[in-house]
Amino acid sequence: MQEQLRALQQKAEGDLLKCTTLEELNEVRIRYMGKKGELTQILRGMGKLSKEERPIIGSLANEIRDEFDEKLAHITKQIKAQELEQRLEKESIDITLPGIAPEKGRKHPLTQIIEEIEEIFLGLGFTIEEGPEIELDHYNFEALNIPKDHPARDMQDSFYITPEVLLRTHTSPVQARTMEKMKPQYPIKIIVPGKVYRRDDDATHSPMFHQVEGLVIDKNIRFSDLKGTLLSFAQQMFGPKQRIRLRPSFFPFTEPSAEVDISCVICNGKGCRTCQNTGWLEILGSGIVHPNVLEMGGYNPEEVTGFAFGMGVERIAMLKYGIDDMRLLYENDVRFLRQF
Ligand code: DAH
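Residues numbered from 1 in each chain as written. Predicted model: local features only at pLDDT ≥ 70, side-chain atom pairs only at ≥ 80, totals over all residues. Heavy atoms only, no water.

## As for the overall build of the chain
Helix and strand content of the chain: eleven helices and ten strands. Computed over C-alpha atoms, the radius of gyration of the chain comes to 43 Å, more than 25% over the 20 Å expected from 2.2 N^0.38 for 340 residues, which places it beyond the range of a compact globule. C-alpha extents for the chain along the principal axes are approximately 125 × 45 × 35 Å. Taken over 340 residues, the chain has a buried fraction of 41%. When the accessible surface of the chain is totalled, it reaches about 19,900 Å², and 52% of it is carbon and sulfur. Mean positive and mean negative side-chain charge positions of the chain (44 and 53 charges, respectively) differ by 5 Å. (Helix = DSSP H or I, 4+ residues; strand = E, 2+ residues; numbered from the N terminus. Rg over C-alpha atoms; globule rule 2.2 N^0.38 Å. Buried < 20%, exposed > 50% of the residue type's maximum accessible area, 1.4 Å probe, protein only. Areas by Shrake-Rupley, 256 points an atom, 1.4 Å probe, with all protein chains shown as cover. Lys, Arg positive; Asp, Glu negative; His and termini not counted. Charge placed at Lys NZ, Arg CZ, Asp CG, Glu CD.)

## Things to note about the site of the ligand
Surrounding the ligand, one finds 16 residues, the nearest of these being H170, S172, R198, Q211 and E213. Take H170: an N or O atom from its side chain is 2.9 Å from a nitrogen atom of the ligand. A distance of 3.2 Å separates an oxygen atom of the ligand from a polar atom in the backbone of A308. At the level of elements, β6 (208-218), β9 (280-289) and β10 (305-312) are the ones that each hand at least two residues to the shell around the ligand. Its residues placed into classes, the shell around the ligand shows four nonpolar, ten polar and two charged. (Near = heavy atom within 4 Å. Polar contact = N/O pair within 3.5 Å; in protein donor to acceptor, adjacent residues only side chain to side chain. Nonpolar A, V, L, I, M, F, W, Y, C, P; charged D, E, K, R; others polar.)

## Considerations on the pairing of β9
Taking burial as the measure, the ten residues of β9 include nine buried ones, the bulk of the element. Alignment of strand β8 (residues 254-263) against β9, held across eight bridges, turns out to be antiparallel. Note on β9: the bridge partner recorded for S263 is W280. Bridge count for β9 against β10 is five bridges, and the pairing is antiparallel. Each bridged residue has a counterpart across the sheet, and for G285 the counterpart in β10 is G310. (Pairing = 2+ DSSP bridges.)

## Thoughts on the sheet that holds strand β3 (residues 160-162)
Taken in spatial order, the three strands line up as β2-β4-β3 in an open sheet, and their pairing is antiparallel. In this open sheet, the two strands that pair with only one neighbour each are β2 (134-136) and β3. Strand-to-strand twist across the sheet, computed as the mean angle between neighbouring axes with direction ignored, equals 35°. Bridge count for β3 against strand β4 (residues 165-167) is two bridges, and the pairing is antiparallel. When the bridges of β4 are listed, T162 appears paired with V165. (Axes fitted to C-alpha atoms, helices over the stretch in contact; angles between N-to-C directions.)

## Quick word on the side chain of D137
Position of D137 among the secondary structure elements: in helix α6 (residues 137-140). Polar side-chain contacts of D137 include one of 3.2 Å to the side chain of K148. Beyond its immediate stretch of four places on either side in the chain, D137 contacts E142, K148, R153, Y160, P163, E164 and L166. (Contact = heavy atoms within 4.5 Å.)

## Quick notes on helix α1 (residues 2-18)
Over its 17 residues, α1 runs 25 Å from end to end, which matches the ideal 24 Å to within 8%, given 1.5 Å per residue. The inward-facing, buried residues of α1 contact α2 (22-33), α3 (38-44) and α4 (53-91). (Expected span 1.5 Å × (residues − 1).)

## Topic: the pattern of salt bridges
Using the criterion set out here, one finds 20 salt bridges in the structure. Residues E63 and R6 are paired through a salt bridge, measuring 3.9 Å at the closest nitrogen-oxygen approach. Of this pair, E63 sits in helix α4 while R6 sits in helix α1, and the two are 57 residues apart along the sequence. Given the relative accessible area of 36%, E63 is considered partly exposed. Of the charged contacts in the structure, one is a salt bridge between K320 and E116, with a shortest N-O distance of 2.6 Å. Taken together, the residues K320 in helix α10 (residues 313-321) and E116 in helix α5 (residues 109-123) connect sequence positions 204 residues apart. The partly exposed category is assigned to E116, whose relative accessible area is 26%. Salt bridges linked by common partners bring D137, E142, K148, R153 and E164 together as one network. (Salt bridge = Lys/Arg side-chain N within 4 Å of Asp/Glu carboxyl O.)

Right, here's the structure in full:
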C-alpha cells in the first residue's frame, strides 16, 4: 500500500505541474483529494491492514495530502500571477496618444449680459427682485397708471389668458409688487431682470424677450439721480468714454419721462448705418415715478419721490456684440453661441 501511495503522489504532482489554469488545478484536486478521489479510494482499503501498519499508512497519507496542498497553493499563486500579467499586458494604454478633450459649456450671451447688468447695479447699491411672468392685468397695467381703456395699452400688444390675466408685457409690474410688499418703508432700490412677452416677431422683435427694470424710491430723489445712475451704468457696460442723451418721451407711469440714448458703440458718435447716421442708440425708457403710481403703491408723493427705468437685454447684447438679427439669440446654434 505504501508503494501504491507513493506512486499516486508522483502521478498527482505530475498532473499538478501540467496545469495552466485555475480550473485545471481544481479538477486535479478533485480527482485526487475529493470525496471520491484516488487517495480516498486507496485509504478505504486500510481496514484490511494490521494494527501496526495502520498508523504508518495513516501518517503517510497525511504527509501526502499536506505536500499536495502545499504544491497546489504554490502553483495556484504562480498561475494567478501569470494571469494578472497577461491581463495587464492586454490592457496596457499608450499614454502618448492625444486625449479626447471634454466639451466645455458656456453661458448663453443673454445670460452673460444679464449677469453683467446685475453686477453693475449691485455695485451701485441695488438689490435684485423678481416677479411672475403670468401676471394680473392689475399689476401689468392698472397699478402703473394705465387704466382699462388707456391708449398706451396699444404700445404693448399683449397675450391675454383671461381678461384679467396675461403674460407680462414688461418688468414694470414688479415696481408695483415691490411697493406693495415694502410700503411704507423706503428707500427702495431694486433692479428686476426677467422675461416679458409681446405679440411681435421680426428681425428686431421676438414674442419673448428680456428686460431689466429699475426702481429707486427715497426722500429727495431727483432727475439728476436718474441721469447719474444711467451714465454710470452706460460707462461700465460700454466703456468709460460713453456719453448718454435723454430725450423727452411719454410713459403713463413716469412724469416726466425720457428715452435714453448712448453714443453709438460702432462709430463712436460720428454716424453710421447702425445708428442711422444719428450718432446715438436708444437703449431704455425711464422717468420720475408718477405720483399716481406712488400713491397706488402705498407711498405719499409729498414725502418721497423716485425714478424708474426699463431696458431691453437683447438690444444691449446686440449692440455690445454687433449682432444684427435678434433671432440668432434664440436659435441655439452652437456655431453662433461659441463665439461669446
Ligand atoms: N416698461 C416700459 C416698456 O416696456 C419701459 C420703461 C419705461 C420702464 C420707463 C420704466 C420706465 O420703468 O420708467 O416699454
